Amino acid sequence: PKGHSVKGADVLPERDEEWDFEDGENGSPVEFRPQRKERKPAKSGSIAKGSPLEELNQKEHKEVMEFINMYQSLANAADEEKYYWDEADYDRSNEAKKQEMFEKFSAEATRDADGNLVIEVEDDVFDMFDAVQDEPKKEEKKERRQQGGFGNPANDPNFEFVMERLGIEFSKTPPGPEYDAVTPLDVQGSSMSDFVEAMLKHPTKYTELRYTAQHPESTREPLPDMPPSRRSPSKEFLEANMRFIYVWGLPPLNVNGIPGDIENPVDCLEIQKTVAGLFDVSPESVSAASLTSAFVGFPTAADQRIALAIGPMQDLMESPVTMSHYSPDSDKKLAMFDGAEGSLVLFSGLPSGTTPSTIAQSLFPAGSEVGELYGNIDVNDIVMLSPNSAVVKYESADVADHLIGSDIAQQRLVEFGQHRIRYSKARRELNYSGFHGGPGGQDRLRKLGSRMVVDGDMPTKDFFLSHAGTLMVRNLDPSVGKDDISKFFQTYCTLPRDREGSVEFVTCHKGLPTGKAYVGFDELGEAETAFEALKASGSRITAGDLGPNSVVVRTVKELNKVNRESRQTRSDEELLDNLHNWEQYVAPADIDELVQLGISKDALDEALRAIRYQNPTFASLDQALRDETTNPDKEVGGMYRELVQEYIATLKECVSTPENPGVVYESLFFPDEPIDTEIFDDEVDRQEELAKKREIP
């Protein structure tokens, strides 16, 4: 794709196209004629765009071929989906796109000198319609059909295939034995048309279609946490592209010293041009999200994969930080600075991701000349007004004046203004369409929405589903690790925390920290308890308790609420009683009867305790919460209770005595044969030996 070549070079020349429309009846366009308009090759790097391969030297040729091989491997790679939907399931077909584009082109086209409707399009749009040019016209189709060309069932290879699927006897050649095989049906979507298309393409007579009914717990899905300051692209931008990347960390836009305005089209265009230069795409492929971020659109999934792998043309952009005197207004965040007007300094244009601890430690670092003069800053004397501006309180107005007029301080601000460009994968949000599908109409069908979800706006699927509740924390200092977070939240947890698996850091696509993480809780209600405890401090963790920064805490809300039971806490005595006390399920008279018949209570304990301990059916599966078990209709412990009752009843039926051997024992002898009861004479001795073995030495 354009923009991801070696040193800016493309393998093929870059071209614009024009479209001709031939007028049909009443002036309606009925046919296209593409006209290519060649651009002059543009120089970018050491290899000119559009340079023929045969004109490159050996080193340049090797460099280009390596890129081509990498491009092909990335283009054919499969996307790894960690979140909640596969974008490919919601891609629009090329036919739908072509129809929409056709209508748009018809309305926007202008007439040339010959009276034809003409419109310029990009290469990928031209290629989409290029196949249309090869289709024969209506008259040619009619003539070929009369001559036995396509459309004639005898010569149409697809016709025989369809007839076989419909069970119509038409095939002249009997199918082979492989045609009778049962193979899985490859359905690409959830609509009826997807099902019909899959059936028509199915290679055998029989198909296998499976539907996995998900447990309600597996349908849980979090609501994405979208920053209100991040503007979503327009509908036209979303419809024109298939895949997206979110880019942030740009230097804040300033026009002649005046901060930019995201609502100003001119300022937005500047942001578009900046990001377009980073990813070598057209400004139309960029939509400004804020003064420091933007979305980049791509026509195919392969283009997005390649852009993610290669990244921007430059990782750092320079933009000096500025400082000036600051007079506080009614901002509540600056109430702590009342009476210190002359000693307040405003730093603007800070790199994205800057925190109070970063300013205190790195703006004027210790050990340097500028650090000796102005580096004695306490984290509590710093307030972030925005992601790119902060107010710092100094010891006195004289120190603040001296800082603002210092040349070495100004030079340090130039060095500090290194803005690291970061990027992540983005996708369109899914909204409930109002319809249901699947067996029994249990599946909520969804459609693409108008907002963008960026990787990290929600926890990954595996992490979220493996925890009963989740909190989101942001403004973390890079020095904070999983151990620190786990230790802090252990206070709100009943069981020891899994320090490795209960924290998920959010990073950009290159693995750099974003100051954001998700914290999982194993027990239902623990996340809510922790959040309520922190609400007293404004839903913040005080600076110093979890790193040097004041950390913001938010609950991760669920899109579809699932009714779940809270797991009760039981003492050791209660747990052992649940394991051993099988007598609670049967009548005491039945136990006494078995004891009188020679079956000791110790033998019953051994048998039923072994079943309870060794068989998971009567352990974890039977004791699970009703919203987690495979048998939700039975109460907790219901299967074990039924087993004990059936076991005792069966023993009562099968027990034998010399006076009443029972039907089971009598069935061992012929009808006229006398019943031999000598075996009962040894039973007393056998029971005594068993009792001795049970004695604990």
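Being a predicted model, the structure only gives us computed values, none of them experimental.

Conventions and cut-offs
Residues numbered from 1 in each chain as written. Predicted model: local features only at pLDDT ≥ 70, side-chain atom pairs only at ≥ 80, totals over all residues. Heavy atoms only, no water. Helix = DSSP H or I, 4+ residues; strand = E, 2+ residues; numbered from the N terminus. Buried < 20%, exposed > 50% of the residue type's maximum accessible area, 1.4 Å probe, protein only. Polar contact = N/O pair within 3.5 Å; in protein donor to acceptor, adjacent residues only side chain to side chain. Contact = heavy atoms within 4.5 Å. Phe/Tyr/Trp six-rings, centres within 6.5 Å; stacked < 30°, edge-to-face > 60°. Pairing = 2+ DSSP bridges. Axes fitted to C-alpha atoms, helices over the stretch in contact; angles between N-to-C directions.

1. Some details on the side chain of Ser-357
Part 1: Along the polypeptide, Ser-357 turns up in helix H10 (residues 356-363).
Part 2: By relative accessible area, which is 0% here, Ser-357 ends up buried.
Part 3: In this structure the side chain of Ser-357 is engaged in a polar contact, spanning 2.9 Å, whose partner is the side chain of Asn-549.
Part 4: Setting aside its immediate chain neighbours within four residues, Ser-357 contacts Val-379, Asp-477, Pro-548 and Asn-549.

2. Side note on the packing of aromatic side chains
Part 1: Within the structure shown, the criterion is met by twelve aromatic pairs.
Part 2: Where Phe-279 meets Tyr-423, the ring centres are 6.1 Å apart and the plane angle is 85°; that geometry is what we call edge-to-face. Of this pair, Phe-279 sits in helix H8 (residues 265-279) while Tyr-423 is found in strand E20 (residues 422-437), placing the two residues 144 residues apart along the sequence. Just as Phe-279 is buried, Tyr-423 falls in that class too.

3. A word on the sheet that holds strand E15 (residues 322-325)
Part 1: Spatial strand order, E15-E16-E18-E17: four strands in an open sheet with antiparallel pairing. Of all strands in the sheet, those bounded by a partner on one side alone are E15 and strand E17 (382-386). The mean inter-strand angle of the sheet, taken between neighbouring strand axes irrespective of direction, is 25°.
Part 2: As paired elements, E17 and strand E18 (residues 389-393) share four bridges and run antiparallel to each other. Bridged to Val-383 within E18 is Val-391.
Part 3: Packed onto the sheet, helix H12 (residues 397-404) meets E15 and strand E16 (344-348) and runs at close to 145° relative to E15.

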